[in-house]
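Secondary and tertiary structure notes
One-letter residues, chain by chain:
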Amino acid sequence: MKHSFDFLVLGSGAAGLSYALQVSEFGSVAIITKKQKAESNTNYAQGGIAAVVDQYDSFEKHIEDTLDAGAGLCKLDSVELIVKEGPVAVGKLLEFGARFTKDDGELHLGKEGGHSHNRIVHAADMTGKEIERVLLKEIAKRPNIHIYEHHYALELITQHHLGKRVTRYDNDTQCFGAYVLNTKSNQVETFLAKVTLLATGGAGQVYRHTTNPEIATGDGIAMAYRAKARVANMEFVQFHPTSLFLPEANSFLISEAVRGHGGILRNHKGEAFMAKYDERKDLAPRDIVARAIDDQIKKSGEDFVYLDVTHLPEHDVIEHFPNIYKTCLKYGLDITKNMIPVVPAAHYLCGGVVTDLDGRTSISALFACGEVACTGVHGANRLASNSLLEAIVFANKAAASAAKMVQSISLNTEIPDWDDSGTTDTKEWIEVSHNKKELQQIMSDYVGIVRSNLRLERAFRRTFLLYEEVESYYQRNKVSVPLCQLRNMISVAYMIIRSAQMRKESRGLHYNVDYPKLNSAELHDTII
Ligand code: FAD
Ligand code: SIN
């Protein structure tokens, strides 16, 4: 089946939905999303969206905090863009009816690690859900936006699918849309579009412990890489310091806003240890806190540390963190009375598909924004609550640029249907699920918070074996979501490992014991 649209949007998180709303003024829009429309990293965002809305705060301070976290690799113009557009982005969400937490009629502003001022706009501890709700409500009002739920994007379509050889050095590669698996009918459909947006989010699932939901398998980055787009800074994987350490809790996030509200990290002796590592203590940037916890765990031989809010008034904890309180209670833990066992977990990918200030990738008619993109905002480490902001602001910029571009592009109708001749439907799921677990274990053991040349080399060798096995399986079998996700996760793991090997220093989120210091010669992006 062939579909034709002016704009094709892959992903229905904050980035994809914000962009779709804007471009719908200029043509027909298809949104492809692999599960239900709200299922995304966005939907689980807790702490909030950073923006300068307090009269005593300033753009300069937010910019400085972002650059400081980014450890020398942020692009100033990208940072300035998101910071200056922050109040407008929040204003628009309020206009759409977002119910952000207020205090005496004013927005309540939370604090998170690395921020010198209270500037986190939030909806209690469920900010992402509120953002998804209002964006989807607005989308529903636009009849020319069609949402395709349970549709899985397999490949971006370029000249390669017209039989031409495409290399990473060509500058005339163009995107004509995507091949998409309808997971209900099991048919591969062709979505042709004048302009395509990648908004497929991050890749936390590459690791064994992650705060990310199951959709976060790095599909967009892997697809763009195969289509020969430029990808950068994949070594910078952010581990959130505090995910709930209970076997059944699936790395549920305990928001950094909890520390911003007075929560204290303690070791098993009850000591508040963060002062030993940084003068900002519990509110130091995430890389520092995550490494400090890792150090405490290694020194003590325990599996976790504690986050303590028992000294805070009970009603205050319940009012500000209702979802965290309720979820922990479900697991038998009353956080107002007992300390919370926490460990770091993979949370956010700072690297991704390289874009310019308008969200344009190195492939013509292909835009990217949100977590899939590398816009230069985050550098070597993302400042807390800057990602929702980045997703929305860059979506707006990409939309403005795509709206202009669409007028000069005509649909390419010569694209052939998906060709799966020579493949069979063997459904040997055990191979897929076993290899997925193995990959996640390799990444967690060897490419985590603290790395070394030896561990990276081991990870590379083992991942390469998985790559060979899965690639051969892929060539012989009909496509399925688990198989394609695994294939994409292996690509993303490869990019993380190779990028980590290329960086001969420790900077931001990338820490290698063999190069423990900053090296000014490495002050550049890692391009794959
Ligand atoms: P997502 O919201 O992840 O959306 C990606 C979309 O793409 C999904 O709809 C997914 O189904 C779809 N998709 C993916 N692959 C395919 C495919 N192959 N085919 C079809 N569809 C596909 N950031 C903050 O700024 N503040 C916070 O408080 C905050 N809290 C967080 C808490 C948690 C638990 C997590 C996991 C993240 C948090 N983040 C936070 C990070 C932030 O939520 C994300 O970076 C941001 O929401 C990403 O938005 P996005 O639109 O780029 O991607
Ligand atoms: C959190 O609430 O701690 C997550 C914030 C973020 O990832 O930006």
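Let me begin by describing the structure that accompanies this report. Model, not experiment: these values are computed from the prediction.

Thoughts on the site of ligand 2
- Every residue near ligand 2 is listed here: Gln-46, Gly-47, Glu-112, His-240, Leu-253, Ser-255, Glu-256, Arg-286, His-347, Arg-382, Ala-384 and Ser-385.
- Within the backbone of Glu-256, an N or O atom sits 2.6 Å from an oxygen atom of ligand 2.
- Between ligand 2 and Arg-286 there is a distance of 3.0 Å, counted from an oxygen atom to a side-chain nitrogen or oxygen.
- If ligand 2 stood free it would expose 260 Å²; the protein chains cover 93% of that surface.

Some remarks on the environment of Tyr-331
- Within the secondary structure, Tyr-331 is located in the loop between α9 (322-330) and β16 (340-349).
- When its relative accessible area of 22% is taken as the criterion, Tyr-331 is described as partly exposed.
- Sequence-wise, Tyr-331 and Leu-246 are 85 residues apart; in three dimensions their C-alpha atoms are separated by 8.1 Å.
- Setting aside anything within four residues of it in sequence, one finds Tyr-331 in contact with Leu-244, Leu-246, Glu-248 and Ala-249.

Description of the packing of helix α11 (residues 429-446) against helix α13 (residues 481-502)
- For the pair α11 and α13, the least separation of the axes is 10 Å and the interaxial angle reads 25°. Viewed along their axes, α11 and α13 adopt a mutual orientation that is roughly parallel. Crossing angle aside, the handedness with which α11 passes α13 is left-handed. On the side of α11, the interface is formed by Trp-429, Val-432, Asn-435, Lys-436, Leu-439, Gln-440 and Met-443, while α13 contributes Pro-482, Leu-483, Leu-486, Met-489, Ile-490, Ala-493, Ile-496 and Ile-497.
- For the contact of α11 with α13, the per-class residue count stands at 12 nonpolar, two polar and one charged.

What to know about the packing of aromatic side chains
- Per the counting criterion, the structure on display carries 10 aromatic pairs.
- Between Tyr-148 and Phe-191, the ring centres sit 4.9 Å apart and the planes meet at 80°, which makes this aromatic pair edge-to-face. Residue Tyr-148 is found in strand β8 (residues 145-148), and its partner Phe-191 is found in strand β11 (residues 187-198); the two are separated by 43 residues along the sequence. The same class applies to Tyr-148 as to Phe-191, namely buried.
- Ring geometry for Phe-460 and Tyr-494: centres 6.1 Å apart, planes at 45°, overall tilted.

Thresholds applied
- Residues numbered from 1 in each chain as written.
- Chains lettered and ligands numbered in written order.
- Predicted model: local features only at pLDDT ≥ 70, side-chain atom pairs only at ≥ 80, totals over all residues.
- Heavy atoms only, no water.
- Near = heavy atom within 4 Å.
- Polar contact = N/O pair within 3.5 Å; in protein donor to acceptor, adjacent residues only side chain to side chain.
- Areas by Shrake-Rupley, 256 points an atom, 1.4 Å probe, with all protein chains shown as cover.
- Helix = DSSP H or I, 4+ residues; strand = E, 2+ residues; numbered from the N terminus.
- Buried < 20%, exposed > 50% of the residue type's maximum accessible area, 1.4 Å probe, protein only.
- Contact = heavy atoms within 4.5 Å.
- Axes fitted to C-alpha atoms, helices over the stretch in contact; angles between N-to-C directions.
- Parallel < 35°, antiparallel > 145°, perpendicular 65-115°, else oblique.
- Left-handed = near helix turned anticlockwise from the far one by under 90°.
- Nonpolar A, V, L, I, M, F, W, Y, C, P; charged D, E, K, R; others polar.
- Phe/Tyr/Trp six-rings, centres within 6.5 Å; stacked < 30°, edge-to-face > 60°.

Note that every value here comes from positions in space, so none of it alone points to a role or purpose.
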